[in-house]
Amino acid sequence: MAAYDFTAPRLHVAADLHAGASLPLDRAQANYLLNVLRRKPEDPVLLFNGRDGEWRASLVPSGRKSADLMVVERTRPQNAAPDLHYLFAPLKSARLDYLAQKAVEMGAGTIRPVFTRYTQGERINLDRLGANVVEAAEQCGILAIPAVAEPARLPEALAALAPERLLVFCDEDAPVADPVAALRGAGDPAAPPPLAVLVGPEGGFAPEERDLIAARPNTVALSLGPRILRADTAAVAVLALVQAVLGDARQGSGQVSDP
């Protein structure tokens, strides 16, 4: 039997979750389950709120176009959000949606837009960014909703990082050609430090920004190979490398049990 139910739809809710709770669906959720997915009474739905773990609920229609969910039992305990900060220069909206979703899928615990000299735009819709974070968590079985931090200028974002947090930044001019060797040299895979990843805009970092980043202790510049990658592609590539060498990909899902 599979360890996870991929057939049941999964919804993020704000309410507390416990056995016997009855949760009314809003109009959009009811339409999605009843009309789009054509779920029938008693069909299972998985619920999570980022606090109480994941719960199985049964669909209980309450009218032609409305329904409630009856919470039945917990399927997975709550786990903590990954201790990985993802800092990125904002992109155009459609590509920003993709970037946010992939960062969540790759295990970011905090997502923060960072304005640099060559950032294409400085208008960030945090509600839309948060909605993309929730959607990715719904689709990928994630229990802990990553935090969406307020946008910041690069100097402010760097100053906000704790000194012990290893900062990995994508640098096409990094002298080390082997990114795995660079990561292993920067942190102990047996006892990896808290992590942060910084991806700049498509124009790269300005010289003064590069100097500012390099001056921060506990920082490693990472080359992603001989090809120039788009910023959203670089995000997936660097997060995969960091997780494989120093992150939770070495340990499986990282899910914790009840105390």
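Residues numbered from 1 in each chain as written. Predicted model: local features only at pLDDT ≥ 70, side-chain atom pairs only at ≥ 80, totals over all residues. Heavy atoms only, no water.

A few points about the packing of helix H5 (residues 179-186) against helix H7 (residues 231-245)
- Running from N to C, H5 and H7 cross one another at 50°; their axes reach a closest spacing of 10 Å. With respect to each other, H5 and H7 are oriented oblique. As H5 runs across H7, the sense of the crossing is right-handed. Note on element contacts: H7 touches H5 through Leu 241, Val 242 and Val 245, opposite Pro 179, Val 180, Leu 183 and Arg 184.
- Residues of the contact of H5 with H7, tallied by class, amount to 6 nonpolar, no polar and 1 charged. (Axes fitted to C-alpha atoms, helices over the stretch in contact; angles between N-to-C directions. Helix = DSSP H or I, 4+ residues; strand = E, 2+ residues; numbered from the N terminus. Parallel < 35°, antiparallel > 145°, perpendicular 65-115°, else oblique. Left-handed = near helix turned anticlockwise from the far one by under 90°. Contact = heavy atoms within 4.5 Å. Nonpolar A, V, L, I, M, F, W, Y, C, P; charged D, E, K, R; others polar.)

Comments concerning the packing of aromatic side chains
- Here the structure, examined in full by the defined rule, presents 2 aromatic pairs.
- Between Tyr 86 and Phe 88 the ring centres are 5.5 Å apart and the planes differ by 15°, which places this aromatic pair in the stacked class.
- Given the relative accessible area of 0%, Tyr 86 is considered buried.
- Ring centres of Phe 169 and Phe 205 lie 5.9 Å apart, and the angle between their planes is 75°; on these two criteria the pair is classed as edge-to-face. Here Phe 205 lies in the loop between strand S11 (195-199) and helix H6 (207-215) and Phe 169 lies in strand S10 (residues 166-170), a separation of 36 residues in the sequence. This pair shows no difference in class: Phe 169 is buried, exactly as Phe 205 is. (Phe/Tyr/Trp six-rings, centres within 6.5 Å; stacked < 30°, edge-to-face > 60°. Buried < 20%, exposed > 50% of the residue type's maximum accessible area, 1.4 Å probe, protein only.)

With respect to helix H2 (residues 93-105)
- Taking 1.5 Å of rise per residue, 13 residues should cover 18 Å, and H2 covers 18 Å from first to last C-alpha, within 8% of that figure.
- Residues Arg 95, Leu 96, Asp 97, Leu 99, Ala 100, Gln 101, Ala 103 and Val 104 constitute the buried set of H2.
- Among the structural elements, strand S6 (84-88), strand S7 (110-115), helix H3 (126-139) and H7 are those in contact with the buried residues of H2.
- A positive backbone phi angle near 100° is found at Gly 107, which sits one or two residues after H2. (Expected span 1.5 Å × (residues − 1).)

A closer look at the nonpolar core
- If you look at the biggest cluster of nonpolar residues, it comprises 36 residues, and the most contacted ones within it are Tyr 86, Val 168, Val 197 and Val 238.
- Secondary-structure elements contributing two or more residues to this core are S6, H2, H3, S10, H5, S11, strand S12 (219-222) and H7.
- The biggest single contributor to this core is H7, with 7 residues.
- The residues contacting Tyr 86, other than those within four sequence positions of it, are Leu 99, Ala 103, Ala 108, Thr 110, Ile 111, Arg 112, Val 197, Val 199, Ala 235 and Leu 239.
- If you look at the next biggest cluster of nonpolar residues, it comprises 17 residues, including Leu 17, Leu 25, Leu 33 and Leu 47. (Core = buried A, V, L, I, M, F, W, Y, C linked by side-chain atoms within 4.5 Å.)

A word on unusual backbone geometry
- The backbone of Arg 38 shows a phi angle near 55°, a positive value even though the residue is not glycine.
- Mapped onto the elements of the fold, Arg 38 is located in the loop between helix H1 (27-36) and strand S3 (44-48).

Digging into the pairing of strand S4 (residues 54-61)
- Bridge count for S3 against S4 is 5 bridges, and the pairing is antiparallel. Across the sheet, residue Leu 47 finds its bridge partner in S4, namely Trp 55.
- Counting the residues that bridge the hairpin from S3 to S4 gives 5 residues, and of these Gly 50 lies at a positive phi of roughly 85°.
- Here S4 pairs with strand S5 (residues 67-76) via 8 bridges, running antiparallel. Bridging from a neighbouring strand, Ser 58 pairs with Met 70 of S5. (Pairing = 2+ DSSP bridges.)

Focus on the pattern of salt bridges
- Going through the model one piece at a time under the given rule, you end up with 13 salt bridges.
- Linking Asp 16 and Arg 51 is a salt bridge whose minimum nitrogen-to-oxygen distance equals 2.8 Å. Within this pair, whereas Asp 16 is found in the loop between strand S1 (10-12) and strand S2 (22-24), its partner Arg 51 is found in the loop between S3 and S4, the two being separated by 35 residues in sequence.
- We classify Asp 16 as exposed; its relative accessible area is 51%.
- Note that Lys 102 and Glu 105 form a salt bridge whose closest N and O atoms lie 3.2 Å from each other. Of this pair, Lys 102 and Glu 105 are both found in helix H2, 3 residues apart, which corresponds to roughly one turn of the helix.
- Assessed through its relative accessible area of 24%, Lys 102 is described here as partly exposed.
- Given a relative accessible area of 36%, Glu 105 falls into the partly exposed group.
- The structure contains a network of salt bridges with shared partners spanning Arg 10, Glu 54 and Arg 76. (Salt bridge = Lys/Arg side-chain N within 4 Å of Asp/Glu carboxyl O.)

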